Amino acid sequence: APASTTTPSRMPLSQVDAIRTTDHARFLTMLDALHRDIDALSPQDRRYLRFLDGWQANYEGRYSDAMAALQEVLAGGQQDALGVRATAMLMNTLTGQGKYAEAYAMATRAADTLPSVTDPTARFVLLANLSQMLTFAGQPQIAMTYADMMLKATPKGVSRCEAMVQKVVALEGARQLMASSPELLDTIDVCKTNGQPIFSNTMSLILVDRLLEENRLDEALATLRRITPSIEAARYFPHLIDLSSARARIFEAMGNKPEARKAALETVAMNHPGDTNEALRFAYRVLYSIEKAQGHYADALLYYENYVVQDQGYLRDANVRTAAYEAASQHFRAEKLETEGLSKENRILRLQQALDAKAVETGRLYITVMAILLASIAFWMVRIKRSQLRFKWLSSCDSLTGIFNHQHFMGESGRALRALEKRAGEGCLIFLDLDHFKQVNDSHGHAVGDAVLKHAVAICKGQLRKADLLGRLGGEEFGMFLMDAPRLQGTVVADRIRLSLAASPLIVDDVVVSISASIGLACTDTIGYDLQRLFRGSDAALYLAKRTGRNRVVVDGDDRSAATPFPAHTRPVDSTTA
Ligand SMILES: Nc1nc2c(ncn2[C@@H]2O[C@H](COP(=O)(O)OP(=O)(O)OP(=O)(O)O)[C@@H](O)[C@H]2O)c(=O)[nH]1
């Protein structure tokens, strides 16, 4: 069978990923095989491989390598599941390098993106790292919240072990854990059952620590012995130094100085010069107390100095971590405040703009309302004026013919007379009465009578000038005042009207209604400018015109009738045409 089908590199990377902690030895083999076969990998798989490289480097404490690999994964700016996991791990790596401020700043930003991370695995890993970092930063309460979120968000097929571990670590950070705490014991069981030796070992080391604190030394030693093969197999560096350091402390507490010394020296040997960690601190303290008890003061002093360095280093590190967290969170808070401030400013600005817009709108509205108001006022003014004029017209005009009524005609005539008087002008007052009008009404009906009245008015108007006045004095009697008209001119106009009327019968529905009128005339030259006297003069002349045969003009003051021919048909004759 071709060997290629069974080559480890043909194993899907997700599967390799899955055995990272469960079968670390096999994971390493796979990782090697993948690197050998790297040319055959797709760009996505190569990126995935870099992520696994980063993880492994982190695992071994090669933090610079881990940083480089993870940064490569994140280089494309992809916010996919792998990107989120790489971010989470980079946070951890930064912590490992002591770059706490950077790590926490990254964590805070990552926490901010948490709601948008939907990939279950990515979300889970991010929560795990956040929880772990916050415990490390001395914020176990927040870490516990994330751990609880993890428990709820554990993806299908993933054991509850990891989430439970974070919870225990946070409880330990909060000093709320005892050797008998069910959280601790359950987690050890769950992790062991689910084949998560690294996590179960971490939990067991914590249990050893608790037992030691509670002076349950036999149990502590038994637990330590039980987990030693697993820790040595996994070769996880932090566990290795913790193991020997714990052994040193247990033997010291038991009074087994040689074993304690041996274990403590082993711990020191495992570390590199310049390293600072809790395991070393314990180891130097054990060595110092043993040497001191045995009277080896020179050695004791040396160990004590190392212990102080470790203690200070450890304390400094812890302080630095807390300070870094504080700084990061302060910085983030400030950033947030700034953003909020900006958005508040923006809100105010937007509000201002909205207000301005509203003001413009209100202004426009105001103008519109004013315009409408003015327009309606103007409209009403026009209407009022019109109705006023109409009332005035109604009160001054005859409703049938539209010319001045008696009263208004007299008033206007009086005014005209005064004007004439002022400039010594001349004028004539004409009274016109239709002849036998009763007969028209009787023969043709009142409506035709009305039509004849209107017809007569139209004819009169046609003979008058603009400045002349025309009014209905009542019934079929009309008055005319001729401005700037001497007696002769007045007589001519009056006779022209008489002739026009006589020559213009009204034709309504094939009925011809002949018209004639008697006219009396009085002028200012003989009577003067007194209206009443003119009135009486015209009236007398009209009476004379009627009495002397109708269809004629009589001029007041003239002894004879107006020099107008009196045709045979002076009496109006009604004739009906076929
Ligand atoms: N159709 C109509 N008839 C009117 C109106 N005002 C008055 N009359 C009529 O005019 C007639 C006037 O008649 P009279 O005063 O006897 O005068 P006449 O018939 O014209 O006779 P003379 O004036 O003597 O030529 C009456 O029958 C009135 O009813 C009107 O507005 N319309």
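Residues numbered from 1 in each chain as written. Predicted model: local features only at pLDDT ≥ 70, side-chain atom pairs only at ≥ 80, totals over all residues. Heavy atoms only, no water.

**A look at the overall build of the chain**
Here is the rule: For the purposes of this entry, the term helix denotes a DSSP run of H or I that reaches at least four residues, the term strand denotes a run of E that reaches at least two, and both are numbered from the N terminus. Whether a residue is buried, partly exposed or exposed follows from its accessible area with a 1.4 Å probe, protein chains only, as a fraction of its type maximum: under 20%, in between, or over 50%, in that order. Whether two residues are in contact is decided by their heavy atoms: any pair within 4.5 Å suffices. Surface accessibility follows the Shrake-Rupley procedure with a 1.4 Å probe radius. Residue values consider only the protein chains on display as shielding.
In terms of regular secondary structure, the chain is built from 22 helices and 8 strands. Across the 578 residues of the chain, 44% fall into the buried class. Restricting the contact set of the chain to residue pairs at least 6 apart, pairs at least 24 apart contribute 62%. Surface summary for the chain: the accessible area is close to 30,300 Å², and the carbon and sulfur share equals 56%.

**What to know about the pattern of salt bridges**
Our working rule: Salt bridges, as used here, are contacts in which a Lys or Arg side-chain nitrogen is within 4 Å of a carboxyl oxygen on Asp or Glu.
Enumeration over the complete set of coordinates arrives at 26 salt bridges. Here aspartate 433 ties to lysine 546 by a salt bridge, and the two come within 2.8 Å at their closest N and O atoms. Remark: lysine 546 occurs in helix H22 (residues 531-547) and aspartate 433 occurs in strand S1 (residues 428-434); sequence separation between them is 113 residues. Classification of aspartate 433 as buried rests on a relative accessible area of 10%. Put simply, Glu172, Asp209, Arg210 and Arg249 are held in one network by salt bridges that share partners.

**Here we look at the pairing of strand S3 (residues 477-482)**
The condition that has to hold: For two strands to pair, DSSP has to find at least two bridges joining them.
Most of S3 sits out of view: 6 of its 6 residues are buried. Alternating positions in S3 separate into two faces, Glu477, Gly479 and Phe481 on one and Phe478, Met480 and Leu482 on the other, with burial throughout. Here S1 runs beside S3; their pairing, made up of 6 bridges, is antiparallel. Along S3, the bridge assignment pairs cysteine 428 with leucine 482. As paired strands, strand S2 (residues 469-474) and S3 are joined by 5 bridges and run antiparallel to one another. Across the sheet, residue leucine 469 finds its bridge partner in S3, namely phenylalanine 481. Between S2 and S3, which pair antiparallel and follow one another directly, the connecting turn spans 2 residues, one of which, glycine 475, has a positive phi of 50°.

**Re the site of the ligand**
Let me state the cut-off plainly: Note on definitions. A residue lies near a molecule or strand when any single heavy atom of the residue is within 4 Å of it. Amino acids are sorted into nonpolar (Ala, Val, Leu, Ile, Met, Phe, Trp, Tyr, Cys and Pro), charged (Asp, Glu, Lys and Arg) and polar (every other residue, Gly among them).
Near the ligand there are 16 residues, and of these His436, Phe437, Lys438, Asn441 and Arg472 occur at the shortest range. When isolated, the ligand has an accessible area of 660 Å², and the protein chains bury 67% of it. Elements that contribute at least two residues to the shell around the ligand include exactly S1, helix H18 (437-444) and helix H19 (446-463). Sort the elements by how many residues they give to the shell around the ligand and H19 lands first, with 4 residues. Residue composition of the shell around the ligand, grouped by class: 3 nonpolar, 5 polar and 8 charged.

**Thoughts on the nonpolar core**
Our working definition: What is meant by a nonpolar core is a set of buried Ala, Val, Leu, Ile, Met, Phe, Trp, Tyr and Cys residues, joined one to another through side-chain atoms within 4.5 Å.
In this structure, Phe51, Leu52, Leu126, Leu184 and Leu224 are the most contacted members of the largest nonpolar core, which totals 97 residues. If you look at the next biggest cluster of nonpolar residues, it comprises 33 residues, including Val452, Val457, Met480 and Cys523.

**Structural notes on the packing of aromatic side chains**
The criterion, for reference: Note on aromatic pairs: the rings of Phe, Tyr and Trp (six-membered ring only in Trp) are paired at centre separations within 6.5 Å, and the planes decide the class, stacked below 30 degrees, edge-to-face beyond 60, tilted for the rest. Each ring is checked for a lysine NZ or an arginine CZ that lies within 6 Å of its centre and within 35 degrees of its normal; such an atom marks a charge sitting over the ring.
Per the counting criterion, the structure on display carries 9 aromatic pairs. Geometrically, the ring pair formed by tyrosine 288 and tyrosine 304 is tilted, given 4.8 Å between the ring centres and 55° between the ring planes. Note that tyrosine 288 is positioned in helix H15 (residues 278-293) and tyrosine 304 in helix H16 (residues 297-396), a separation of 16 residues in sequence. When the ring centre of phenylalanine 282 is taken as reference, the NZ or CZ atom of arginine 249 above it lies at 3.6 Å. Residue placement shows arginine 281 over the ring face of phenylalanine 282; its charged tip is 5.3 Å from the ring centre.

**Some words on the environment of glutamine 196**
One can find glutamine 196 in the loop between helix H10 (182-193) and helix H11 (197-213). With 34 residues separating them along the chain, glutamine 196 and glutamate 162 place their C-alpha atoms 8.6 Å apart. When sequence neighbours within four positions are dropped, the list of residues in contact with glutamine 196 reads Thr21, Thr22, Ser159, Cys161, Glu162 and Cys191.

**Quick word on the sheet that holds S3**
This is how the line gets drawn: For helices, the fitted line uses only the C-alpha atoms of the stretch in contact; every axis is such a line through C-alpha atoms, and the angle between N-to-C directions lies from 0 to 180 degrees.
Sheet architecture is open: 5 strands sit in the order S2-S3-S1-S6-S7, paired in mixed fashion. Looking at strand neighbours, the two that pair on one side only are S2 and strand S7 (553-555), the edges of this open sheet. Mean inter-strand twist for the sheet, computed between neighbouring axes without regard to direction, equals 20°. Pairing geometry for S1 and strand S6 (residues 517-523), over 7 bridges, is antiparallel.

**What to know about the UniProt feature "transmembrane region" (unreviewed entry) in the chain**
Heads up, the condition is: UniProt positions are given in the numbering used here, feature names are shortened, and annotations may be inferred rather than shown by experiment.
Mapped onto this numbering, the UniProt entry annotates "transmembrane region" (unreviewed entry) at residues 365-382. Secondary structure content for residues 365-382 is 100% helix and 0% strand, and the end C-alpha separation is 25 Å.

**Some words on the state of the cysteines**
What counts is decided by this rule: Note on terminology: disulfide denotes any pair of cysteine sulfur atoms within 2.5 Å.
By the definition in use, this model includes 2 disulfides. Residue pairing for cysteine 161: its cysteine sulfur links by disulfide to cysteine 191, the two sulfurs lying 2.0 Å apart. The S-S bond linking cysteine 161 to cysteine 191 shows a torsion near 100°; that makes this disulfide right-handed. Residue cysteine 161 is located in helix H9 (residues 161-173), and its partner cysteine 191 is located in helix H10; the two are separated by 30 residues in the primary sequence. Of the two residues examined, cysteine 161 and cysteine 191, each falls in the buried class. Across a sulfur-sulfur distance of 2.3 Å, cysteine 428 and cysteine 523 are joined as a disulfide pair. Note on the cysteine 428 and cysteine 523 pair: the S-S dihedral is about 105°, so by sign convention the disulfide is right-handed. Remark: cysteine 523 occurs in strand S6 and cysteine 428 occurs in strand S1; sequence separation between them is 95 residues. Each member of the pair, cysteine 428 as well as cysteine 523, is classed as buried.

**Some thoughts on the side chain of arginine 472**
Note the cut-off: The definition of a polar contact used here is a pair of N or O atoms within 3.5 Å, where within protein one atom must be able to donate a hydrogen and the other to accept one, and adjacent residues in sequence count solely through side-chain atom pairs.
Within the secondary structure, arginine 472 is located in strand S2. A polar atom in the side chain of arginine 472 sits 2.7 Å from the backbone oxygen of glycine 475.

**Things to note about helix H5 (residues 81-96)**
The criterion, for reference: Expected helix span is taken as 1.5 Å per residue step, with the number of steps being one fewer than the number of residues.
With 16 residues, H5 should cover 22 Å at 1.5 Å per step; its first-to-last C-alpha distance of 23 Å lies within 8% of that length. Across the 16 residues of H5, 14 count as buried, placing the element largely inside the fold. Just downstream of H5, glycine 98 is the residue with a positive phi angle, here 80°.

**Quick look at unusual backbone geometry**
In this structure, alanine 424 takes a positive phi of about 55° despite not being glycine. Position of alanine 424 relative to the elements: it lies in the loop between helix H17 (406-423) and S1. In this structure, histidine 436 takes a positive phi of about 45° despite not being glycine. In this fold, histidine 436 is placed in the loop between S1 and H18.

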